[in-house]
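Per-entry structural report
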Amino acid sequence: MPATKALFLLLFVMPLSALGSDTSPVVAREFVADPAPTPQSHAGTIVETGHGLVAAWFGGKEERDPSVGIWVARYVEGRWSPSREVATGVQADGTRLPAWNPVLFRSASGTLMLFYKIGPDPSHWWGMLMTSRDDGEHWSPPRRLPPGILGPIKNKPVQLADGTIVSPSSTEEGGWHIHFEWSSDDGKTWSTSGDVPANGIDAIQPSVLVGPQGELVAIGRTRQGKLFQTRSSDGGRHWLPLRLLDVDNPNAGIDAVSLADGRYLLVYNPGRPGPNWWDGRGTLAVAVSGDGMRWKRVLTLEDKPGHEYSYPAVIQTKDGLVHVFYTWERKRMRHVVIDPTKMG
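My aim in this report is to walk through the structure given alongside it, one point at a time. Predicted, not measured: the structure shown is a model, and the values here were computed from it. (Residues numbered from 1 in each chain as written. Predicted model: local features only at pLDDT ≥ 70, side-chain atom pairs only at ≥ 80, totals over all residues. Heavy atoms only, no water.)

1. Observations regarding the packing of aromatic side chains
Evaluation of the coordinates by the stated rule reveals nine aromatic pairs. Between the aromatic rings of Phe-31 and Trp-328, the centroid separation amounts to 4.9 Å while the plane-to-plane angle is 75 degrees, which identifies the pairing as edge-to-face. Placement of Phe-31 in strand S1 (residues 26-32) and of Trp-328 in strand S24 (residues 322-328) is noted, with a sequence separation of 297 residues between them. Assessed through its relative accessible area of 15%, Trp-328 is described here as buried. Where Phe-58 meets Trp-100, the ring centres are 6.2 Å apart and the plane angle is 70 degrees; that geometry is what we call edge-to-face. (Phe/Tyr/Trp six-rings, centres within 6.5 Å; stacked < 30°, edge-to-face > 60°. Helix = DSSP H or I, 4+ residues; strand = E, 2+ residues; numbered from the N terminus. Buried < 20%, exposed > 50% of the residue type's maximum accessible area, 1.4 Å probe, protein only.)

2. Here's the deal with the sheet that holds strand S18 (residues 243-248)
Spatial strand order, S15-S16-S17-S18: four strands in an open sheet with antiparallel pairing. Because the sheet does not close on itself, it has two edges, and the strands there are strand S15 (203-210) and S18. Going across the sheet, the axis of each strand differs from the next one's by a mean of 30 degrees, ignoring polarity. Of the pairings in the sheet, the one linking strand S17 (residues 226-232) to S18 comprises three bridges and is antiparallel in character. By the bridge assignment, Lys-226 is partnered in S18 with Asp-248. (Pairing = 2+ DSSP bridges. Axes fitted to C-alpha atoms, helices over the stretch in contact; angles between N-to-C directions.)

3. Points about the environment of Val-47
When you line up the elements, Val-47 lands in strand S2 (residues 40-49). For the pair Val-47 and Met-128, spaced 81 residues apart in sequence, the C-alpha separation works out to 18 Å. For Val-47, the residues in contact, after removing those within four places along its chain, are Gly-52, Leu-53, Val-54, Leu-104, Phe-105, Arg-106, Leu-112 and Ile-315. (Contact = heavy atoms within 4.5 Å.)

4. Concerning the pairing of S2
Most of S2 is tucked away, with eight of its ten residues classed as buried. Relative to strand S3 (residues 52-60), S2 is paired through eight bridges, and the arrangement is antiparallel. Pairing of Ile-46 across the sheet is with Ala-55, part of S3. Where S2 folds back on S3, the antiparallel hairpin that results is connected by two residues.

5. Here's the deal with the side chain of Asp-319
Here Asp-319 shows up in the loop between strand S23 (309-316) and S24. Residue classification places Asp-319 among the buried positions, given a relative accessible area of 14%. Polar contacts involving the side chain of Asp-319 include one to the side chain of Thr-317, which spans 2.7 Å. There is a polar contact of 3.0 Å between the side chain of Asp-319 and the backbone nitrogen of Leu-321. (Polar contact = N/O pair within 3.5 Å; in protein donor to acceptor, adjacent residues only side chain to side chain.)

Put into structure tokens, the structure is as follows:
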């Protein structure tokens with residue numbers, strides 16, 4: 001076992017309960033911010049920094065309530081720090097709007113970016129950005145993104161070999177549409193691809209994967225009961241029309257990551273749509289793929305029909321471990337660590 005991996009396991013797993021056998025891919029699991037600081041918690045994001053992990057989510061009375069703000073916790077010296085609210089929807093006139101969907105991203109320059117949304121609902125929200133130069137201990141004042149730029153809607157951007165940051169985005173006003181935004185100056189300015197040809201598919205919240213030859217693959221949720229896919233061969237400027245994958249999903253958020261071993265890893269709800277928006281969110285699973293087209297389910301993280309385990313965020317850290325951060329019954333945020341070498 002590499003020394004860095006052994007050190008992480010020592011720091012992270014010792015405070016937690018041992019899980020499974022030596023052959024289980026699940027290294028550890030825990031709740032972040034337990035007890036939760038707000039009645040509801042949702043829409044997590046997680047990132048690795050030079051000083052450990054940083055996680056964020058939105059929390060308040062309930063989704064869409066003006067009390068909802070953006071909460072952050074840092075994993076430093078073997079434990080999670082107390083969570084704190086770092087952003088709200090308080091406006092200049094003193095009124096308050098709900099905050100939504102934080103997304104953390106650390107660029108190659110070391111700038112930690114916290115994207116989020118402010119607005120009454122997803123059809124009328126706008127993008128906000130805060131930055132940190134000390135891995136989330138202190139944050140800049142929030143600034144509103146330029147008109148026409150929303151930032152990543154749910155899932156993390158990727159940074160290409162030439163330094164370009166590609167941000168997966170979407171809109172819900174006037175129908176569901178996918179687009180991508182990119183920056184070549186470390187997030188100072190942004191351009192947009194425009195809507196990707198929908199091919200009759202209602203889709204939002206893409207996740208971007210980087211292939212071995214630099215090709216980009218994006219997948220995400222739809223209203224059609226399956227995940228969608230699209231591809232770009234020019235760094236995210238242009239994308240092929242959307243197509244449906246043979247992967248069931250009940251119109252629930254997903255996330256995916258390109259692994260160091262060349263595979264892709266997906267965290268998703270594998271159920272079918274039902275009459276209620278939460279139907280199918282009682283099972284949260286992990287799948288792997290070699291091409292981004294054909295996916296094999298290899299692990300179940302949660303399985304309790306009628307409950308909600310949703311909106312996962314997933315990263316692979318430098319030690320090779322995979323971290324999944326997700327909503328647990330809307331009450332708390334759960335963090336699971338996986339060893340991908342033990343997955344088929």
